[in-house]
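# Geometric and topological summary
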Amino acid sequence: MRKLSIIIAVLSLGWCASAQGQTPVQWLDRMERAERTVSLEGVRVTQFFLPVPTPPVEEHIVRSGVRYRVEYLRPLLRRGEVLIDDGVRRFHFVPHLKKVQVFPSEQPLMLRRRQEMLKRLRWGELVLEAKDAEPVAGRQTVLLVMKSAQGKPLRRWWIDREYGVILRMEELTPRGEVRLRTEYVRLTIPADIRPDRFAPRFPAQVQQQNILPPTRVFASVEEVQPLVSFPIRQPRELPTGYRLTEVRLRLIGMRPLVSLHYSDGVSSIALFQTRAPLRDDMPLLRSLSPLAVKVEKWRDGDVTLVLIGNAPPEVFQQIRKAVR
Amino acid sequence: MKACREWEQFIVEYVDGVLDEQPRRSLEIHLASCKACAEAVKVQRWAKQVVAQLERERAPDYLSRRIRHHARDSLRRQGAIRLLARASFATAVAATLLLMLWWGNLRPEKMPAVPVEEPTVAQAIVQEYVGAMSNDGFSDPSLQLLAREAQMKTLRLEPMAQ
């Protein structure tokens, strides 16, 4: 009995010491909540490694919950550029064009995707690990690693131990290569931010251009079918773990481009279909290949179909054969 | 028998509900048998909804009153002499358009909603795929913008060192 008490005490101590006694999913919940609530101000550096390595982009970020103000500091060509997102609209001011482009915010879509990811974690389709990690921007962190059910790492988040904010993030391809890394190098949290920092005020003589959202995202094929005249093709069956995550509709001129996006939480695969002419554009599509993306194009009547995705070859072929 | 290309010019007016009765009936007959034009109508309706969702600049009250006044006048005249009324209505519409144009010129910093520069189908496919690929939902607005630019190779970079 005494031995058992000691074992329980040691295990409890270990549990408390590592990641402050919270489960990985609790840390993720905290991170998700922080994305919607925390106020901060800091400088962040972002670098892409795929499909081609790019120089770092340095941004001054002011955030208050879902409201963002991003001022680009580096590269020099971007200096003065401002992005404001108030959760409803996104303003992108490009000084040398003397234009502010106004788009609908994508944050509602991001919220839906986060919920989908949390569901996959709860159902065991994705695995999450939490452990103590090195400080980032002088702040204590917990490292959350999201892995496939087979144990392949997909995302790494270094989150603030106190507030749950993402301080560093790495996105990996299904092959395990880092596609992008972004991290704060300076940070004040919580920050006292006046609401007018998110007011879309730009220099005089700047043109405001309301941009039609090029794409509308739907949850099901049934919602899109009445908007297009051709029958939307779908795979008769999907490989295990794959689900339809989004149906996107975009206009090319007056012709719709429909895409059905499937994912198992690790890989993504999309079936595009349109009556618009797709001429010799294959080189552009193949430019995605550094991201382990495969492309196949074919015609069915007057509809051109393109299957594109980074799923394993056998999954790609299985979906290709199942498309009716 | 008109070709689809000729019908296309009436579709916007049809969706806006301002097409005259005769061409509207003819177009509806055509739509019943032409899938391509029926699709164009659906798409135009969708585009109109999308535009309606975007914030619009409200015309000032005095301008709205003048527009309503012109419209009322033209409708009154419609009851007297049909032909003359039609001309009056056309005049009222032209005057309204001129007023709107004048108002637009007073506010040069504002522009109406416009579609994004037309991409090719392949460009649109790449943009859509990249937009949906990072599906964990933790990409903030700046990361979304940079990811698209990195994929389309339009990321503005430092000038090359000499």
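In case you missed it, the structure is sitting above this.
Description of the structure in this document.

Parameters at a glance
Residues numbered from 1 in each chain as written. Chains lettered and ligands numbered in written order. Predicted model: local features only at pLDDT ≥ 70, side-chain atom pairs only at ≥ 80, totals over all residues. Heavy atoms only, no water. Helix = DSSP H or I, 4+ residues; strand = E, 2+ residues; numbered from the N terminus. Buried < 20%, exposed > 50% of the residue type's maximum accessible area, 1.4 Å probe, protein only. Contact = heavy atoms within 4.5 Å. Areas by Shrake-Rupley, 256 points an atom, 1.4 Å probe, with all protein chains shown as cover. Axes fitted to C-alpha atoms, helices over the stretch in contact; angles between N-to-C directions. Parallel < 35°, antiparallel > 145°, perpendicular 65-115°, else oblique. Nonpolar A, V, L, I, M, F, W, Y, C, P; charged D, E, K, R; others polar. Arc of directions from axis to C-beta. Expected span 1.5 Å × (residues − 1). Pairing = 2+ DSSP bridges. Salt bridge = Lys/Arg side-chain N within 4 Å of Asp/Glu carboxyl O.

## Re the overall build of chain B
Of the regular secondary structure elements, chain B holds seven helices and zero strands. Written out in order from the N terminus, the α and β elements of chain B read α-α-α-α-α-α-α. Residues classed as buried in chain B amount to 36% of the 162 residues present. Looking at chain B alone, contacts between residues at least 24 apart form 55% of all its contacts between residues at least 6 apart. Surface accessibility of chain B: about 10200 Å² in total, with carbon and sulfur atoms responsible for 57%.

## A word on the overall build of chain A
What chain A contains, in helices and strands, is six helices and 18 strands. If you take every contact in chain A between residues at least 6 apart in sequence, the share linking residues at least 24 apart comes to 49%. Carbon and sulfur atoms form 54% of the exposed surface of chain A, whose accessible area is close to 14800 Å².

## Describing the packing of helix α2 (residues 24–37) of chain A against helix α3 (residues 107–122) of chain A
All names here are of chain A. In the contact formed by α2 and α3, the axes pass within 12 Å of each other and the chain directions differ by 175 degrees. Our classification of the angle between α2 and α3 gives roughly antiparallel. On α3, the residues that touch Leu28, Asp29, Glu32, Glu35 and Arg36 of α2 are Leu111, Arg114, Met117, Leu118, Leu121 and Arg122. Within the contact of α2 with α3, the residues separate by chemical class into five nonpolar, no polar and six charged.

## Observations concerning helix α6 (residues 313–322) of chain A
All names here are of chain A. Those residues of α6 that fall on the buried side of the exposure criterion are Val315, Phe316, Ile319 and Ala322. One side of α6 carries all its buried residues, which in axial view fall inside an arc of 135 degrees. Away from the buried face of α6 by more than 90 degrees, exposed residues Pro313, Glu314 and Lys321 are located. Residues of α6 that are buried make contact with β16 (268–274), β17 (294–300) and β18 (303–309).

## Considerations on unusual backbone geometry
Residues and elements named next belong to chain A. Look at the link from arginine 74 to proline 75: it is a cis peptide, with omega at 0 degrees. In this structure, proline 75 sits in the loop between β3 (67–74) and β4 (82–85). Phi at alanine 137 takes a positive value of approximately 55 degrees, unusual for a residue other than glycine. Mapping alanine 137 onto the fold places it in the loop between β7 (126–136) and β8 (139–148). In this model, glutamine 205 sits at a positive phi of 70 degrees, which is unusual for a non-glycine residue.

## Focus on α3 of chain A
Residues and elements named next belong to chain A. Relative to the 22 Å expected for 16 residues at 1.5 Å per residue, α3 spans 23 Å between its end C-alpha atoms, a close match to the ideal helical length. Looking at α3, one finds that the buried residues are Gln107, Leu109, Met110, Arg113, Arg114, Met117, Leu118, Arg120 and Leu121. Within two residues after α3, glycine 124 carries a phi angle of roughly 80 degrees, on the positive side.

## Notes on the sheet that holds strand β15 (residues 255–263) of chain A
All names here are of chain A. One open sheet holds the six strands; their spatial order is β13-β14-β15-β16-β18-β17, and the pairing between them is antiparallel. Since the sheet does not close on itself, it has two edges, and those belong to β13 (215–218) and β17, each with one partner. On average, each strand axis in the sheet is inclined to that of its neighbour by 20 degrees, with strand direction left out of account. Inspection of the sheet shows β17 paired to β18 by seven bridges, in the antiparallel sense. Bridge pairing in β18 places glutamate 296 opposite leucine 307. Against the sheet, α3 makes contact with β13, β14 (243–252) and β15, and its axis sits at roughly 160 degrees relative to β14, the strand it touches most.

## What to know about the pattern of salt bridges
Scanning the model with the defined rule gives 35 salt bridges over all chains in all. The partner of glutamate 81 of chain A in a salt bridge is arginine 78 of chain A, with the nearest N and O atoms 2.9 Å apart. For the pair shown, glutamate 81 of chain A and arginine 78 of chain A are each scored as buried. When salt bridges with common partners are traced through the structure, they connect Arg113, Glu246, Arg248 and Arg250 of chain A together with Glu128 of chain B into a single cluster.

## Focus on the side chain of arginine 114 of chain A
On the secondary structure map, arginine 114 of chain A appears in helix α3. Leave out the neighbours within four places in its chain, and arginine 114 of chain A touches Glu32, Glu35 and Arg36 of chain A together with Asp136, Gly137 and Phe138 of chain B.

## Some thoughts on the pairing of β16 of chain A
Each regular strand carries side chains that alternate between the two faces of the sheet. All names here are of chain A. Taken across its seven residues, β16 has seven buried, putting it largely inside the fold. As defined by bridge partners, β15 adjoins β16 across seven bridges and the pair is classed as antiparallel. Paired with serine 259 across the two strands is phenylalanine 272, which belongs to β16. Once β15 ends, the chain turns through four residues before running back antiparallel as β16, passing glycine 265 with a positive phi of about 90 degrees. Across six bridges, β16 lies against β18 in antiparallel orientation. Each residue of the ladder has a partner; that of glutamine 273, found in β18, is leucine 305.

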